[in-house]
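Residues per chain, in single letters:
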Amino acid sequence: MTKIAVLGAGAWGTTFGQVLADAGNQVVMWGIEPAVVDAINHDHRNPVRTPTIERLPDAMTASLDREEAVDGAGIVVVAIAAQHAREALEPFRPLIGADAVVVSLMKGIERTTDKRMDQVVTEALGLPEERFAAVSGPNLSREVAVRQPSAAVVASVSPETAQRVAQACEAPYFKPFVSTDVIGLELCGALKNVTALAVGMSRGAGYGENTAAMIQARGLAELTALGEAAGADAKTFAGLAGVGDLIATCASSLSRNYTFGFNLGRGMSIEEATEASQGVAEGVPATNAVVGMGRSLGEPTPLAQAMSHVLDQGLDCAGMIEELFGGPISAE
Ligand SMILES: NC(=O)C1=CN([C@@H]2O[C@H](COP(=O)(O)OP(=O)(O)OC[C@H]3O[C@@H](n4cnc5c(N)ncnc54)[C@H](OP(=O)(O)O)[C@@H]3O)[C@@H](O)[C@H]2O)C=CC1
Ligand SMILES: O=C(CO)COP(=O)(O)O
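Note that the structure is predicted; figures quoted are calculated from it, not measured.

The immediate surroundings of ligand 1 are formed by 26 residues, with Ala11, Trp12, Glu33, Ser141 and Glu282 found nearest. Measuring from an oxygen atom of ligand 1, one finds a backbone N or O atom of alanine 9 at 3.4 Å. Tryptophan 12 is positioned with one of its backbone polar atoms (N or O) 2.9 Å from an oxygen atom of ligand 1. Here ligand 1 has 890 Å² of accessible area as a free molecule, and 87% of this is covered by the chains. Those elements giving two or more residues to the shell around ligand 1 turn out to be helix H1 (11-22) and helix H4 (85-89). When residues in the shell around ligand 1 are grouped by element, the largest group, three residues, is from H1. Here the residues of the shell around ligand 1 sort into 13 nonpolar, seven polar and six charged.

Domain assignment breaks the protein into domain 1 (3-180) and domain 2 (190-325). Taking only C-alpha atoms, the centre of domain 1 and the centre of domain 2 are 25 Å apart. Domain 1 puts 23 residues into the contact, and the matching count from domain 2 is 20 residues. Taking both partners together, domain 1 and domain 2 bury about 1700 Å²; carbon and sulfur atoms supply 69% of that area. When the buried area of domain 1 at its contact with domain 2 is split by residue, Lys107, Ile109 and Leu140 rank highest and sum to 34% of it. At the junction of domain 1 with domain 2, the criterion picks out three residue pairs in polar contact (both at pLDDT 80 or more). Those elements that place two or more of their residues in the side of domain 1 that touches domain 2 are strand S6 (109-110), helix H6 (141-145) and strand S9 (150-155). In terms of residue count, the dominant contributor to the side of domain 1 that touches domain 2 is S9 (three residues). A breakdown of the residues in the side of domain 1 that touches domain 2 according to their chemical character gives ten nonpolar, five polar and eight charged.

We now examine the site of ligand 2. In the neighbourhood of ligand 2, the contacting residues comprise Lys107, Gly137, Pro138, Asn139, Leu140, Lys192, Asp245, Thr249, Leu254, Ser255, Arg256 and Asn257. Interatomic distance of 3.1 Å between a backbone N/O atom of glycine 137 and an oxygen atom of ligand 2. With respect to ligand 2, the side chain of serine 255 contributes an N or O atom lying 2.7 Å from an oxygen atom. Contact with the protein chains covers 92% of the free accessible surface of ligand 2, which is 300 Å². Counting only domains with at least three residues in the shell around ligand 2, you end up with domain 1 (3-180) and domain 2 (190-325).

Another point: the pairing of strand S2 (residues 26-30). Extensive coverage of S2 is indicated by the burial of four of its five residues. Pairing of strand S1 (residues 3-7) with S2, which is carried by five bridges, proceeds in the parallel orientation. The residue of S2 that forms the bridge with isoleucine 4 is valine 27. With H1 bridging S1 and the parallel S2, this β-α-β connection has right-handed handedness. Relative to strand S3 (residues 60-63), S2 is paired through four bridges, and the arrangement is parallel.

Checked against the element boundaries, threonine 301 lands in the loop between helix H14 (283-297) and helix H15 (302-313). Judged by its relative accessible area of 3%, threonine 301 falls in the buried class.

Below, the discussion takes up the pattern of salt bridges. Enumeration over the complete set of coordinates arrives at eleven salt bridges. Close ionic contact of aspartate 58 with arginine 55 constitutes a salt bridge, the shortest N to O distance being 2.6 Å. A salt bridge links aspartate 233 to lysine 235; the shortest N-O distance between them is 3.8 Å.

What counts, and at which threshold
- Going along each chain's sequence as written, the residues are numbered from 1 onward.
- Here the convention is simple: chains get letters from A, ligands get numbers from 1, in the order in which they are written.
- Since the coordinates come from a predicted model, pLDDT governs what is reported: local features require at least 70, and pairs of side-chain atoms require 80 or more to be given and counted, while whole-chain, interface and lining totals use all residues.
- Side-chain numbers here rest on the full set of heavy atoms in the structure, without hydrogens or water.
- Think of it this way: one heavy atom of a residue within 4 Å of a molecule or strand is enough to make that residue near it.
- Here a polar contact means two N or O atoms within 3.5 Å. Within protein one must be a hydrogen donor candidate and the other an acceptor candidate, and residues neighboring in sequence count only if both atoms are side-chain atoms.
- Using the Shrake-Rupley algorithm and a 1.4 Å probe, accessible areas are obtained, with residue cover drawn only from the displayed protein chains.
- Helix and strand definitions here come from DSSP, where helices need a minimum of 4 consecutive H or I residues and strands a minimum of 2 consecutive E residues; each element is numbered from the N-terminal end.
- Charged means Asp, Glu, Lys or Arg here, nonpolar means Ala, Val, Leu, Ile, Met, Phe, Trp, Tyr, Cys or Pro, and polar covers whatever is left, Gly included.
- Residue ranges labeled as domains rest on an automatic or database domain assignment.
- Contacts are assigned to residue pairs with any non-hydrogen atoms lying within 4.5 Å of each other.
- Buried area adds together the accessible area that both of two parts lose upon being put together, with accessible area traced by a 1.4 Å probe.
- A simple rule labels every residue: compare its accessible area, found with a 1.4 Å probe on the protein chains alone, to the largest value its type can have, and call it buried under 20%, exposed over 50%, or partly exposed in between.
- Two strands are counted as paired when DSSP detects at least two bridges linking them.
- Here is how to tell: hold the view so the strands point away, follow the path from the first strand over the helix to the second, and if it runs clockwise the crossover is right-handed.
- Any Lys or Arg side-chain nitrogen found within 4 Å of a carboxyl oxygen on Asp or Glu counts as a salt bridge.

Listed below in C-alpha cells is the structure:
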C-alpha cells in the first residue's frame, strides 16, 4: 500500500482522503484540531467537516504531528484554506521526502500576492514544478462523500507526475483525467468561485435561469480570457475543470461560494454571510486578487470588479448587475 498524507482535515481533504483510501492507499490526514484528529482515529468520523460520512475507511488515520504525517509518504496532498496555505506549508519544507509528489486540491488565489496555489505550494516547499500536481473539477464534497460518480482533472507540467497522481486517486466512483495545463486548471478552480458568488447572489435576490445563465456565461468568458492571457490553454476552460465545475458550483446550494452569494442576495451583510458559511468560501478573498491579476495582465475583469464592489463597498445585486451589463452595446 502506498502511504499518502493529506494536509488539512476539512470537508474536501477528508472526502478526498476517503477517495484515496477507496483507491487502495494508506492515508494519513494531518490536521490542527485535536478533536477532529481524535475523532478520525477513534470513531472513523469527521463530524465537524464531513458529518454525512458515517464511517471513514479503516485505511484512514490522522495525526497532529507534521513529521509523523508525511514520513514515508510518496504523495502529499494539500487541502488547506488558500489564505493559510503558505504559513501552514512552510514548516513541512524539511520534512517532505525528496521523491514525493505534492498535490494541491485548493481553489484559490493568495490575497496578499495575487499568486496561484501552484506558485504558493512550490514556493513554500521549495518544490520543483515537476513534482507538483493540481486536482480540480466538479467535485462538491458532499456528493463525492457519498460516493456519487464524479470526475476531476490532474494537471502537472510533468505527464509522469500527472499519471502517477491520477492512478493513485482512481476509485470506482472517481474518474481522473490528466493534463499538463497547470495554469489553466488553477485559474478555472479559483475564478469559477467568483462567478458562483455572483450567480448565487442573483438567485438569492430572486432572479431566475436567464439571469443566472447570463452571469455564468460572462464569467466563463472572463475566466477564459484571463487564463489565456496568463498562458493557459483555452481548451481547459471548456472541460471538466472549467465549464464542468462552473455548472456544478453555480447550480448547487452545496457550494459555499454559491451559498455565500445567495445569502448576500437575500440581504445578509458580509459579516452575516461569513458567519453562516459552512467552511471556506474561497471566492471572497480571491475576488480582489482576480482584479489585481487582470490589471497586471492587461485583461479586463468586469465580473470580478463588480463583485469586489459588492464585497468591499456593499453594492447590492441590482447594482452589481447594472455594473456588469449596463454599459454600451459591445461584441460578445
Ligand atoms: N469542499 C469542496 O467541495 C471542495 C473544496 N475544494 C477546495 O479545497 C480547499 C479546502 O476546502 P475544504 O476542505 O472544503 O474547506 P474547509 O473549510 O472544510 O476546510 C479548510 C481546512 O483548512 C484548514 N486550515 C485553515 N487554516 C489553517 C492553518 N493555518 N493551518 C492548517 N490548516 C488550516 C482548516 O483547519 P480547521 O478545520 O482546523 O479550521 C480546514 O481543515 C479549498 O481551497 C476549496 O476551494 C476543492 C474541491 C471541492
Ligand atoms: O469547488 C467546489 C466544487 O467543485 C466546491 O465549491 P465551494 O468551495 O463553493 O463549496
